Amino acid sequence: MNKSCTPKVTIIIPTYNQVNYIKVTIESALKQSYDNLEIVVVDDNSTDKTGKIAKECASTDSRIKYYCNQENIGRVANYRRALYHYATGEYVVNLDGDDEFFDNTFIAKAIKELEKEENERALMVVACKKMRTSKADVFIRHRIKEEIEIIPGVEFVKNIFSKYQFSHLTTIYNRKIALETNFYSLPIQSTDIDSILRLALKGNVILYNKIVGQWNETASNISQNYDLATSLKNLDWIESVSKELKGKINSFSVLLWRKKCQVKFSFPILIAIYKNPRYLFNYRFWMPILKLIIPIMIFILQYITQKVFKHKKSNITIVSLD
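Small disclaimer: the values here were computed from a predicted structure and weren't measured.

K.L.:
I would appreciate a short explanation of the pairing of strand E2 (residues 37–43) in the present structure.
P.N.:
Put simply, side chains in a regular strand alternate between the two faces of the sheet. Counting buried positions along E2 yields 7 of 7 residues, so the element is predominantly enclosed. Pairing analysis gives 7 bridges linking strand E1 (residues 9–15) to E2, with the strands arranged parallel. What sits directly across from isoleucine 11, in E2, is isoleucine 39. With helix H1 (residues 22–30) bridging E1 and the parallel E2, this β-α-β connection has right-handed handedness. Two strands pair when backbone bridges link them, and E2 and strand E3 (residues 64–68) are joined in this way by 5 bridges, in the parallel orientation. Bridge pairing links isoleucine 39 to isoleucine 64 in E3. Read from E2 through helix H2 (residues 50–58) to E3, the crossover connection turns out right-handed.

Written out as structure tokens, the structure is:
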């Protein structure tokens, strides 16, 4: 593959205190068969030997660029700094410092699809992943018939987590449009979901139904944080994306989508309550909970009413007087 004829792809590797994983992560990026590649490691001021290992890797391959923040700025700010200040590729994929690729042809195949003339409206390729946990390996795949399918971004967002799956580490996206979309702007756990879904609404999505990477469960995974305040704040992404959905689908469908996502992402809230029952006796706890539950109850009543109305309407017989 000729570099001069292919778009540059940046693999962003944000990292913080991931000394046991960072070398495997970087090596998995280096094994990609795609030629026009840069690997940007952004160390959020690690206090272990993560930086030392990353710098050693960078000294052996010119495709690797290592940056270290002078102070710890946090996960989301580090994502944003890597994308807005250091990435130079036409396309970007984010590989956290404790994740890895194991399909060496992933990027090459994704770019081949993105560069097809008939796919000019496609802004991303979303492949599938394996989640390695302490209990089992979980394989996350799209529910589609073909290995590769192209769908409108609205369709992708509407059916996310049911028919289609989200995976940050196996999503390659258009950097220019991502910058215009204000990527990684919400300071929450699911800032990646918010960013990718808002970008998807601006064009088409290429679904690649193959497991190409692995998410590793570690003690430091931010997504395993069951703090109540953090979990409640994390629901902000749902409102953010639903605002972009308005006008693209009808209002009732937006409401249905929002409530389904709220129910799905309520699990960490329940875990936090289970681990800290004292929350139940704090009035400050109930205010955000009521803001979540009351709209869901209203939605259920509206949904039931609509179903009953449609059923009655279908049973109406019109008798001609002729």
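K.L.:
For this particular structure, what's the right way to read the pattern of salt bridges?
P.N.:
A pair can form between side chains of opposite charge whenever their charged atoms are brought close. In the structure shown here, the tally under the stated rule is 12 salt bridges. With a closest N to O distance of 3.0 Å, lysine 65 and glutamate 38 form a salt bridge. Taken as a pair, lysine 65 in strand E3 and glutamate 38 in strand E2 lie far apart in primary sequence, 27 residues in all. Among the salt bridges present, the one from lysine 233 reaches aspartate 236, with a minimum N-O distance of 2.8 Å. Sharing partners across several salt bridges, the network here consists of Lys130, Arg132 and Asp137.

K.L.:
I keep staring at the pairing of strand E10 (residues 204–216) and nothing clicks. Help me out?
P.N.:
With 12 of 13 residues buried, E10 is to be regarded as a mostly interior element. The pairing of strand E5 (residues 100–101) with E10 spans 2 bridges and is antiparallel. Each bridged residue has a counterpart across the sheet, and for glutamate 100 the counterpart in E10 is glutamine 214.

K.L.:
What am I meant to see in the packing of helix H9 (residues 236–245) against helix H10 (residues 251–264) here?
P.N.:
Packed helix pairs are characterised by how far apart their axes lie and by the angle those axes make with each other. Two elements in contact, H9 and H10, have axes whose closest approach is 10 Å; the angle formed by their N-to-C orientations is 160 degrees. The angle between H9 and H10 places the two elements in the roughly antiparallel class. Like other packed secondary-structure pairs, H9 and H10 cross with a definite hand, here right-handed. Only Val254, Trp257, Arg258, Cys261 and Gln262 of H10 make contact with H9, whose side of the interface consists of Trp237, Ile238, Glu239, Val241, Ser242 and Leu245. Here the residues of the contact of H9 with H10 sort into 7 nonpolar, 2 polar and 2 charged.

Criteria and thresholds
Residues numbered from 1 in each chain as written. Predicted model: local features only at pLDDT ≥ 70, side-chain atom pairs only at ≥ 80, totals over all residues. Heavy atoms only, no water. Buried < 20%, exposed > 50% of the residue type's maximum accessible area, 1.4 Å probe, protein only. Helix = DSSP H or I, 4+ residues; strand = E, 2+ residues; numbered from the N terminus. Pairing = 2+ DSSP bridges. Right-handed = clockwise from strand over helix to strand, strands pointing away. Salt bridge = Lys/Arg side-chain N within 4 Å of Asp/Glu carboxyl O. Axes fitted to C-alpha atoms, helices over the stretch in contact; angles between N-to-C directions. Parallel < 35°, antiparallel > 145°, perpendicular 65-115°, else oblique. Left-handed = near helix turned anticlockwise from the far one by under 90°. Contact = heavy atoms within 4.5 Å. Nonpolar A, V, L, I, M, F, W, Y, C, P; charged D, E, K, R; others polar.

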